[in-house]
Amino acid sequence: MQETYDVVVAGGGNAALCAAITAARAGCRVIVLEGAPEFYRGGNTRHTRNLRCAHDGTAPTMTGPYAQDEFLDDLYRVTGGQTDKVLAELTIAKSRELLSWMDEQGVRFQPPLGGTLSLGKTNAFFLGGGRGMLNALYRRAEALGVTCLYDAPLTALTVEDGYFVSATVKYQGRELEVRGKALVAAAGGFESNIEWLKQYWGEAADNFLIRGTPYNRGDVLRMLLDKGVAPVGDPTQCHAVAIDARAPRFDGGIATRLDSVVFGVMVNRECNRFYDEGEDTWPKRYAIWGRLIAQQPGQIAYSIIDSRSIRMFMPSIFPAVEAGTIRELAGKLSLDPGALEKTVNEFNAAVKPGTFDHTVLDDCRTQGLAIDKTHWARTIDRPPYYAYPLRPGITFTYLGVRVNEESRMVMAGGTPSGNMFAAGEIMAGNVLGKGYLAGIGMTIGAVFGRLAGQGAAAHARN
Ligand SMILES: Cc1cc2nc3c(=O)[nH]c(=O)nc-3n(C[C@H](O)[C@H](O)[C@H](O)COP(=O)(O)OP(=O)(O)OC[C@H]3O[C@@H](n4cnc5c(N)ncnc54)[C@H](O)[C@@H]3O)c2cc1C
């Protein structure tokens, strides 16, 4: 390629497109290098449904209001304070602009949702899901003259003294060098790279299922770290949820997630409970279960419920295992019938009377168990009984590159890079030291994507 672009964007998901559109609107010549083929463009963003944003309650697509302070409290709670305070506040302050900005780019939202997800106040849902949202962003980018190359994975980066010079991509069987005045790295985490996951999780990673794209292998992240960009985040931390163990290895998406946990008990393959299933409302706690299951023998667990709960949550695409007794259920799951019956009987005996309400932190709890269930505890005694086998479903990893308030990468010595910016999963670890809040992945991608696009454009024009 002969020409030098103003802004080279690595990746083709939400963060990449927000950056590309912003830079193009600022008058820049922009190229998006998407590693996946066109049909699979957009990485994990394809699977999303919503983004979280602070708002004053006037948006027709959300119930509300959701104040910045409340959002910040929620973030501190789930991360246990492990977040960069300045970047966390910036994310939340800038989240207020996202609904109108997305709307300007052609993204449409649906009316607020009720039901078991309890997200209508905090999260705006894309009409047509993540794919609908992505299609709107790609249409907008193309209309602004952005060049999009598909099936064009970055294989190398030329960086001199923290300064981006060019990217090498494999394209149509050849290696191309794409030069640019600024780089935006938005190529996701390393969640699909099982060998890399094994460095931290050992052989257990062989039992992980990857919920999203097989293309997020962390190649760009690795290149940047090798070129001296400062790392951020604990490599063992990731967003991992409980998903149906029958899901495919990659790209199972949202249809394999299971929200049944709060309605019954979770047991490991020894039929022991291992965590409080009723600790907090599902949007604030669903993301701990993947990690918890990863720590169980064989990385498998079973959600056990009865007929009272079977219609109270979004089902998996796979049917529940059904039986007339707990012993029979255990047999169908290849578990020890006596052990499962004992765990369920002990649980039932410890349930205290209360008024069940799954939309609030109700007063239904157990008392006297080694691990009590602190809300939504009801006896499991109404046949038929149901179970779902669950495995860790890795959504995305938190090890990333350090950035500053301009979304500019920071080098290992502490100096900001001259012209390299990052957005999305590849830098989410700056905000998410651990834990997760539903919808904040897209918020981080959009907020830092826009900042990265602005910063890259300002650099390119100077
Ligand atoms: C099933 C599922 C459901 C989710 N639901 C939600 C939700 O509702 N709300 C929410 O906020 N978050 C959700 N998330 C998380 C969300 O998907 C991510 O936080 C968000 O999409 C990250 O955006 P991104 O642009 O950083 O990464 P991605 O959208 O994953 O994009 C990364 C891009 O980089 C490309 N790439 C990778 N390597 C290379 C390379 N070497 N060269 C060039 N390109 C490369 C990939 O092909 C991809 O296009 C969900 C994730 C999954 C898996």
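Please read all numbers here as calculations on a predicted model, not as lab measurements. Sequence order sets the numbering: in each chain, residues are counted from 1 along the sequence as written. Only residues with pLDDT of at least 70 are given local features in this predicted model, and only at 80 or more are side-chain atom pairs given and counted; all residues enter the totals for whole chains, interfaces and linings. As a rule here, side-chain values come from all non-hydrogen atoms in the structure, and water together with hydrogens is ignored.

To continue, consider the site of the ligand. Within the structure, the ligand sits among 39 residues, and Glu34, Asn44, Thr45, Asn50 and Met442 are positioned closest to it. Residues adjacent in sequence count toward polar contacts only when both atoms are side-chain atoms; beyond that, a polar contact is any pair of N or O atoms within 3.5 Å, and within protein one must be able to donate a hydrogen and the other to accept it. Between Asn50 and the ligand, the recorded distance is 2.8 Å, taken from a backbone N or O atom to a nitrogen atom. About the coverage of the ligand: the protein hides 97% of its 1,000 Å² of free accessible area. Here the shell around the ligand takes three residues from helix α12 (residues 440-461), the largest share from any one element. The classification used treats Ala, Val, Leu, Ile, Met, Phe, Trp, Tyr, Cys and Pro as nonpolar, Asp, Glu, Lys and Arg as charged, and all other residues, Gly among them, as polar. For the shell around the ligand, the residue count by class is 14 nonpolar, 20 polar and five charged. Nearness is judged by heavy atoms alone; a residue qualifies as near a molecule or strand once a single heavy atom is within 4 Å of it. All accessibility values rest on the Shrake-Rupley procedure with a 1.4 Å probe; residue burial counts only the protein chains present in the view. Secondary structure elements follow DSSP: runs of H or I of four or more residues count as helices, runs of E of two or more count as strands, with numbering from the N terminus.

Right, let's get into empty space enclosed by the protein. Definitions used throughout: a 1 Å grid over protein atoms alone; a cavity as a set of points that fits a 1.4 Å probe which cannot get out; a pocket as an open set with protein on both sides within 12 Å along at least five of seven lines; a lining residue as one with an atom within 4 Å of a point. Grid points are joined across faces, edges and corners, and a volume is the space filled by probe spheres set on the points. One pass over the structure, following the stated rule, counts two cavities of 30 Å³ or more. As a volume, the second largest cavity reaches approximately 40 Å³. Together, Trp201, Phe208, Cys238, Ala240, Gly290, Arg291, Ala294, Pro392 and Ile394 line the second largest cavity. At the level of secondary structure, the elements contributing two or more residues to the lining of the second largest cavity comprise β11 (238-244), α9 (289-294) and β15 (385-397). Classifying every residue of the lining of the second largest cavity gives seven nonpolar, one polar and one charged.

So, on to a nonpolar patch on the surface. Together, Phe39, Tyr40 and Tyr215 make up an exposed nonpolar region whose accessible area comes to about 330 Å². Inspection of the secondary structure assignment puts Phe39 in the loop between β2 (30-33) and β3 (50-52). Burial here depends on accessible area, computed with a 1.4 Å probe over protein chains only, as a share of the maximum for the residue type. Under 20% is buried, over 50% is exposed, and the range in between is partly exposed. The exposure class assigned to Phe39 is exposed, which follows from its relative accessible area of 57%. Patch membership requires over 30% relative accessible area and the absence of a salt bridge. Like charges are linked within 9 Å, and nonpolar side chains (Val, Leu, Ile, Met, Phe, Trp, Tyr) within 5 Å. Salt bridge, as used here, is a side-chain nitrogen of Lys or Arg placed within 4 Å of a carboxyl oxygen of Asp or Glu.

Across the seven residues of strand β1 (residues 4-10), six count as buried, placing the element largely inside the fold. Where β1 and strand β8 (residues 174-185) come together, six bridges link them in parallel fashion. From the neighbouring strand, Tyr5 faces β8, where its bridge partner is Gly180. Any two strands with at least two DSSP-identified bridges between them are counted as paired. Sheet topology places β1 next to β2; four bridges connect them, and they run parallel. Note that in β2 the partner of Val8 across the bridge is Ile31. This β-α-β element, β1 to helix α1 (residues 14-25) to β2, shows right-handed connectivity. If you view a crossover with the strands going away from you and the path from the first strand over the helix to the second runs clockwise, you call it right-handed.

Attention now moves to the pattern of salt bridges. Applying the stated rule across the entire model yields 24 salt bridges. Across the pair Glu277 and Arg273 runs a salt bridge, and its minimum N-O distance is 2.7 Å. When its relative accessible area of 14% is taken as the criterion, Arg273 is described as buried. Among the salt bridges present, the one from Asp381 reaches Arg382, with a minimum N-O distance of 3.6 Å. The partly exposed category is assigned to Arg382, whose relative accessible area is 40%. Connected via shared salt-bridge partners are Glu195, Lys198, Glu203 and Asp206.

With that settled, the discussion passes to the side chain of His239. With respect to the element layout, His239 can be found in strand β11. According to the relative accessible area criterion, His239 is buried, its value standing at 2%. At a separation of 2.5 Å, a polar atom in the side chain of His239 contacts the side chain of Thr395. Residue contacts follow a heavy-atom distance rule, with two residues in contact if any of their heavy atoms lie within 4.5 Å. Aside from chain neighbours lying at most four places away, what touches His239 is Arg211, Tyr286, Ala287, Gly393, Ile394, Thr395, Phe396, Tyr398 and Tyr436.

All right, on to the packing of aromatic side chains then. Here a ring pair, both rings aromatic, is described through the centre-centre distance and the interplanar angle of the planes. Under the pairing criterion, centres of Phe, Tyr and Trp rings, with the six-membered ring standing for Trp, must be within 6.5 Å; the plane angle then separates stacked pairs below 30 degrees from edge-to-face pairs above 60, leaving the rest tilted. Per the stated rule, a full pass over the model turns up 14 aromatic pairs. Ring plane angle 90 degrees and centroid distance 5.1 Å describe the contact between Phe39 and Tyr40, whose orientation is recorded as edge-to-face. A ring pair is formed by Trp201 and Phe208, whose centres lie 5.4 Å apart and whose planes are at 75 degrees; its orientation type is edge-to-face. Residues Trp201 and Phe208 agree in their burial class; the two are buried. Three or more aromatic residues link up through ring pairs in this structure, and these residues are Phe39, Tyr40 and Tyr215.

Here Pro231 is to be found in strand β10 (residues 231-232). Judged by relative accessible area, which is 47%, Pro231 ranks as partly exposed. Along the primary structure Pro231 and Met411 are separated by 180 residues, whereas in three dimensions their C-alpha atoms are 8.6 Å apart. The contact partners of Pro231, leaving out residues within four places of it in the chain, are Leu225, Leu399, Gly400 and Arg402.

Along the polypeptide, Thr22 turns up in helix α1. Judged by its relative accessible area of 11%, Thr22 falls in the buried class. Residues Thr22 and Arg450, spaced 428 residues apart in sequence, show a C-alpha to C-alpha distance of 5.9 Å. If near-sequence neighbours (up to four positions away) are discounted, Thr22 is found in contact with Trp101, Arg450, Gly453 and Gln454.

Turning our eyes to something else, we now look at the environment of Ala428. Within the secondary structure layout, Ala428 lies in the loop between β18 (416-422) and α12. According to the relative accessible area criterion, Ala428 is buried, its value standing at 2%. Here the alpha-carbon distance between Ala428 and Val401, two residues 27 residues apart in the chain, equals 8.5 Å.

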